[in-house]
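# Summary of the model geometry
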Amino acid sequence: MAEYAIELAGINKSFGPVKANRDINLQIKQGTIHGIIGENGAGKSTLMSILYGFYQADSGEISIDGKNTKINSSNDAIALGIGMVHQHFMLVENFTVLENIILGAEDSQLLSGSISKARSELVRLEKEYELNVDPDAIIEELPVGIQQRVEILKALYRGAEILILDEPTGVLTPSEADHLFRILEQLKEQGKTIVLITHKLREIMAVTDEVSVMRQGTIVATRKTDKTSVEELAELMVGRRVLLRVEKGDPNPGEIKLAVQNLTVRDSRGIDMVKNVSLDVRAGEIVGIAGVAGNGQSQLIEAITGIRPAKEGRVLLDGEPIDVTGQADPAMLRKRGLAHVPEDRHHMGLVLAFEEAENSILGYHDDPSYLSGPMLNIEAIRNDARDKIEKYDIRPANCRLKTANFSGGNQQKIVLAREMETDPSVLIVGQPTRGVDVGAIEFIHKRIIEMRDAGKAVLLVSVELDEIRSLADRIIVMFDGKVVGECGPEATEGELGLLMAGVTNDKIEAAE
Amino acid sequence: MAQPYSQLPRWVDYGLIPLINLTVAFLVAGLVVLAVGENPLRAAVLMVEGAFGSGDGIGYTLYYATNFIFTGLAVAVAFHCGLFNIGGEGQAYIGGLGVAVGCLAFDSVFPWWINLPIATLCAAAFGGLWALIPALLQAKRGSHVVITTIMFNFIAASLMVYLLVDVLKPVGQMAVETRPFAEGASLPRLDWMIEAFGFTIRRAPLNITFLLALITSFLVWILIWRTRLGYEIRTMGHSPKAAQYAGINTTKIIVITMMISGGLAGMMALNPVMGAQERLQLDFVTGAGFVGIAVALMGRSHPAGIIPAAILFGMLYQGGAEMSFEMPAITRDMIVIIQGLVILFAGALEHMFRPYISLFFGRIADSSLKAAPATTGEGH
């Protein structure tokens, strides 16, 4: 067996004029966990897609287990013993675990033979790696953590010796993530090589043996994990020193600005996604809503901001009721001082095909200062956009540039500038730093705290627990559409993790 | 995820790529001409000469182009809202009814310069109203406009046959058409425009609606890029979710856009009905509604692109007719094939050469882009 499971030499890949990977050299030792970390757009996923045969490199060489190879498709990659667990699972939801495992690896036209073979193989794998899954369970009835285990078993069933995991913890609760890391350790002990792609520094420190940092398409450094620090990695990722702790003073809560009372929201499938939720946000405080993605946070925000009608319940803005079950509409709420930074920046918060200046008025385009009669006052709009570009340090500083050409962090700044500069009384922020580079995160966090200190009521929704804990003055945890608990920012990750998994204080007490 | 191919220079995007597509279309068309035993080069010369070689040729080319500008603008406005209005044919046909109603009522009352605005309003109103029901069905019930507008084309055709045969045709007349309009509904010709270039014009019905089409193009540009309504239309077209977030009344925008689109298609009827035939006849639209789709695609839904694209198709109509006259092997159906090839390459296969061209320009721009951050390659 060669010393390195994977060796990449001089890999280049461009998409049109954009160079996604530049002269990548990477060696990954057999039987280790190797982390690849970098900001969004640094080229991590492109590199792994080259390794898994989705893309072909423009130039460069790939050696697997010491042998120089060409990987032209994912079938080639599987044949070479490479398995990939995607960020978004590639499972057929209404199939059983066993059916998903043999999918694409059936031996003959009739399934019975391969199913019984897979069943005995699966039992062996489960025993060997302590990956307990019921082979006959239907995928959609399983929690995401278990679904991910099925993905791992799928790769192992195909004889994977090298396992690539792309942002595996994005959808997991902290305890599920810990469990995943234990499984990865187990796999490592059995001699598998694991490549972990993530943008979370904490995870890198927790499980990897070595870590490579990517920036702007190149690998800028490779370090032994026990010889580096979170600060050094962050600096390597961004290219300058980064403040990881958010500095903020004590909150100074005033009167209630936003009151949500017994709100229930039904989605288009007819399922109640928000169940009887009540909460208050006061002037001068940040209330964070924590929870694993898909537990009703999105629907809650959409109902409060008038995008989706609620089934029942009441919302008071500045003490005045909003007709959330009927006629509330975002334009009217905006005029009443409710600003909203939506979680889906690409489809909701921005029109990517628009010029920057055009996006800087989205939702405020009927403001008289941007209009002259039925016409847009282009000059006023562009001047206003230039002011915001300067104030929020949006780069490149060109208000005529198409929004799609800005980086994630700068796109988010366009949205923030638009929503914050209107001097709202309530600010609702969804996933403010999703897909945003570390450098911009610092800026965004600072601006949110400034809004709080200026006496605004801020409601923050984020699936990043670290973000909630460092920004929020009060934390509300949502699980399955309900508020399952409230705690202060001093709550430990463990406590929050239990709440996020739906284990409420009562249940803990009952268990004790 | 950023689009990998979005950073081409404008002249490449709007000039070079359409030109390459067009060249390929004509090369393939040349092969078709070769296959029926004619000389493609001579065919090309005949076509260009037929379209631009004489005063009448130019007159007819621009006359056809006028139709296509209106229908092209109609399709383009709907495109900007993310709607595919393929009912231009029917909306133009019903627009003709509006022109006829206006002209028959006032042709012996007012002079042409009062009748033209009246007829324009009637044409736009009739065309717009014809688009109203598909628009409401789309906005309120989610019935796809592609399906409903094409069905309304058939309804329009049948309705017009009934009206012309049973209502509008003067008693005792054989031809299925209204009575000829009186002097007051006769539009000025643009013969002076052609003559200014040293050509003479005899038959070609090029008239003042060509100038109206140019003015309308400018107004559509203003509407789409300079008004609040246009901003809302474009937001809706690019991202319905963003429109909802911005508090734009999406139902209202869909209905208004479709009515503007239908109105523009309806205005096409001014040219043949009032400007040329001076009476309402059966089937005067002759496919202009569908050609409008190709014109809008080729012109990138921008008036500055739609006008040259419309002239190109006017040339294909006029030059093609001349060519089939000179070359008996090339029938009218062959001309339709050539037009189809242009639509195929300029519209449907618009992206065929794009990746290669952007790769080429990517290599050129490579060195200058080194400083720029890589924005592609993450699957978020």
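Each value, and the rule that gives it
Residues numbered from 1 in each chain as written. Chains lettered and ligands numbered in written order. Predicted model: local features only at pLDDT ≥ 70, side-chain atom pairs only at ≥ 80, totals over all residues. Helix = DSSP H or I, 4+ residues; strand = E, 2+ residues; numbered from the N terminus. Rg over C-alpha atoms; globule rule 2.2 N^0.38 Å. Buried ≥ 20, exposed ≤ 12 C-beta atoms within 10 Å, placed from the backbone. Contact = placed C-beta atoms within 7 Å. Domains from an automatic or database assignment. Nonpolar A, V, L, I, M, F, W, Y, C, P; charged D, E, K, R; others polar. Pairing = 2+ DSSP bridges. Axes fitted to C-alpha atoms, helices over the stretch in contact; angles between N-to-C directions. Parallel < 35°, antiparallel > 145°, perpendicular 65-115°, else oblique. Expected span 1.5 Å × (residues − 1). Bend = angle between axes of the 7 residues up to and from the residue. Right-handed = clockwise from strand over helix to strand, strands pointing away. Left-handed = near helix turned anticlockwise from the far one by under 90°. pLDDT = per-residue confidence, 0-100.

### A closer look at the overall build of chain A
- Counting its regular elements, chain A contains 18 helices and 22 strands.
- Computed over its C-alpha atoms, the radius of gyration of chain A comes to 25 Å, within 12% of the 24 Å expected for a compact globule of 512 residues.
- With the principal axes as the frame, chain A shows a C-alpha extent of 70 × 55 × 45 Å.
- Taken over 512 residues, chain A has a buried fraction of 49%.
- Taking the contacts inside chain A whose residues are at least 6 apart along the sequence as the reference set, 67% of them involve residues at least 24 apart.

### Description of the overall build of chain B
- A tally of regular secondary structure across chain B gives 16 helices and zero strands.
- Taken against the 2.2 N^0.38 rule, which gives 21 Å for 380 residues, the C-alpha radius of gyration of chain B at 22 Å falls within 12% of a compact globule.
- The principal-axis extents of the C-alpha atoms in chain B amount to approximately 75 × 60 × 35 Å.
- Long-range pairs, those at least 24 residues apart, make up 78% of the contacts in chain B between residues at least 6 apart in sequence.

### As for the domain arrangement of chain B
Residues and elements named next belong to chain B.
- As far as domains go, chain B holds domain 1 (1-38 + 327-365 + 376-380) and domain 2 (65-323).
- Each of domain 1 and domain 2 has a C-alpha centre, and the two are 27 Å apart.
- Secondary-structure elements contributing two or more residues to the side of domain 1 that touches domain 2 are α1 (10-35) and α15 (332-348).
- Among the elements that make up the side of domain 1 that touches domain 2, the one with the highest residue count is α15 (seven residues).
- Residues belonging to the side of domain 1 that touches domain 2 are distributed by class as follows: nine nonpolar, two polar and one charged.

### Structural notes on the pairing of strand β20 (residues 457-461) of chain A
All names here are of chain A.
- A large share of β20 lies buried, amounting to five of its five residues.
- Neither face of β20 is left uncovered, since the one carrying Ala457, Leu459 and Val461 and the one carrying Val458 and Leu460 both have all their residues buried.
- Here strand β13 (residues 286-290) pairs with β20 via four bridges, running parallel. Residue pairing in the sheet places Gly288 in a bridge with Leu460 of β20.

### Observations concerning the packing of helix α9 (residues 228-238) of chain B against helix α11 (residues 250-267) of chain B
All names here are of chain B.
- Between α9 and α11, the shortest axis-to-axis distance is 10 Å and the interhelical angle comes to 105°. It follows that α9 is roughly perpendicular to α11 by the angle criterion. In contact with Glu232, Ile233 and Met236 of α9, α11 contributes Thr250, Ile253 and Thr257.
- Its residues assigned to classes, the contact of α9 with α11 shows three nonpolar, two polar and one charged.

### Focus on the domain arrangement of chain A
Residues and elements named next belong to chain A.
- Domain boundaries assigned for chain A yield domain 1 (4-238) and domain 2 (256-349 + 424-511).
- When each unit is reduced to the centre of its C-alpha atoms, the spacing between domain 1 and domain 2 is 33 Å.
- Facing the nine residues of domain 1 at the interface are 11 residues of domain 2.
- If you list the elements that add at least two residues to the side of domain 1 that touches domain 2, you get α6 (174-189) and α8 (230-238).
- The biggest single contributor to the side of domain 1 that touches domain 2 is α8, with three residues.

### Some words on helix α5 (residues 112-141) of chain B
All names here are of chain B.
- Under the 1.5 Å per step criterion, the end-to-end length of α5 is 43 Å for 30 residues, consistent within 8% with the ideal 44 Å.
- Residue Leu132 marks the point of greatest curvature in α5, where the axis turns by about 35°; the proline Pro134 follows within four residues.
- Remark: Gly142 follows α5 within two positions and exhibits a positive phi of approximately 75°.

### Brief notes about the pairing of strand β8 (residues 193-198) of chain A
All names here are of chain A.
- In terms of burial, β8 is a largely internal element, six of the six residues being buried.
- Because side chains alternate across β8, one face comprises the buried residues Thr193, Val195 and Ile197, and the other comprises Ile194, Leu196 and Thr198, equally buried.
- Alignment of strand β7 (residues 162-166) against β8, held across five bridges, turns out to be parallel. Its bridge partner lying in β8, Ile162 is registered against Thr193.
- Traced from β7 through α6 to β8, the parallel crossover comes out right-handed.

### A word on the packing of helix α2 (residues 40-52) of chain B against helix α14 (residues 303-326) of chain B
Residues and elements named next belong to chain B.
- The geometry of α2 relative to α14 is characterised by a closest axis approach of 7 Å and an angle of 120° between their N-to-C directions. Our classification of the angle between α2 and α14 gives oblique. The element α2 and its partner α14 pack so that their crossing is right-handed. Contacts between α2 and α14 involve Ala43, Leu46, Met47, Val48, Gly50 and Ala51 on the former and, on the latter, Met315, Gln318, Gly319, Gly320, Ala321, Glu322, Met323 and Glu326.
- Along the lines of polarity and charge, the residues of the contact of α2 with α14 split into eight nonpolar, four polar and two charged.

### A word on the sheet that holds strand β12 (residues 272-282) of chain A
Residues and elements named next belong to chain A.
- Strands sit in the order β12-β11-β14-β15 across an open sheet of four strands; the sheet is antiparallel. Each edge of the sheet is formed by a strand with only one pairing partner; in this case those strands are β12 and β15 (320-322). This sheet shows a mean twist of 20° between the axes of neighbouring strands, independent of strand direction.
- As defined by bridge partners, strand β11 (residues 256-266) adjoins β12 across seven bridges and the pair is classed as antiparallel. In the strand pairing of β12, Val265 is matched with Val274.

### Observations concerning the sheet that holds strand β10 (residues 218-224) of chain A
All names here are of chain A.
- Spatially, the six strands line up as an open sheet ordered β6-β7-β8-β3-β9-β10, and their pairing is mixed. The sheet is open, and its two borders are formed by β6 (82-85) and β10, each paired with just one other strand. Within the sheet, the average angular offset between the axes of one strand and its neighbour, ignoring direction, is 20°.
- Here strand β3 (residues 33-38) pairs with β8 via five bridges, running parallel. Each residue of the ladder has a partner; that of Gly35, found in β8, is Leu196.
- Helix-sheet contacts for helix α5 (residues 144-157) involve β6 and β7, and the interaxial angle to β6 is about 170°.
- Of the strands in this sheet, β3, β7 and β8 touch α6, which is tilted by about 150° from β8.

### Comments concerning unusual backbone geometry
- Looking along the chain, the bond that leaves A:Arg395 and enters A:Pro396 is cis, with omega of -5°.
- Looking at the secondary structure, you find A:Pro396 in the loop between α13 (378-391) and α14 (408-420).
- Positive phi, normally seen in glycine, also occurs at A:Asn276, with a value near 55°.
- As for its placement among the helices and strands, A:Asn276 is situated in strand β12.
- Here the phi dihedral of B:Arg300 falls at roughly 55°; this positive angle occurs in a residue that is not glycine.
- Relative to the helices and strands, B:Arg300 is located in the loop between α13 (288-298) and α14.

### Structural notes on the environment of A:Leu156
Residue and element names in this part refer to chain A.
- For Leu156, the location among the structural elements is in helix α5.
- Looking at Leu156, the number of C-beta atoms within 10 Å reads 23, which means it is buried.
- Put simply, Leu156 and Ser116 are 40 residues apart on the chain and 17 Å apart in space, counted from C-alpha to C-alpha.
- The contacts of Leu156, once residues within four sequence positions are left out, are Gly83 and Leu125.

### A short note on the environment of A:Ala105
Residues and elements named next belong to chain A.
- Assignment of secondary structure puts Ala105 in the loop between α3 (97-102) and α4 (111-129).
- Each C-alpha atom of the pair Ala105 and His199 lies 32 Å from the other, and the pair is 94 residues apart in sequence.
- Among residues more than four places away in sequence, those in contact with Ala105 are Tyr157 and Arg158.

### Some points on the confidence of the model for chain B
Residues and elements named next belong to chain B.
- Across chain B, pLDDT averages 89, with 93% of residues at or above 70.
- Counted against residues more than four places away or in other chains, residues 369-380, with its pLDDT under 50, gives 37 contacts.
- Reported for the predicted complex are a pTM of 0.82 and an ipTM of 0.82.

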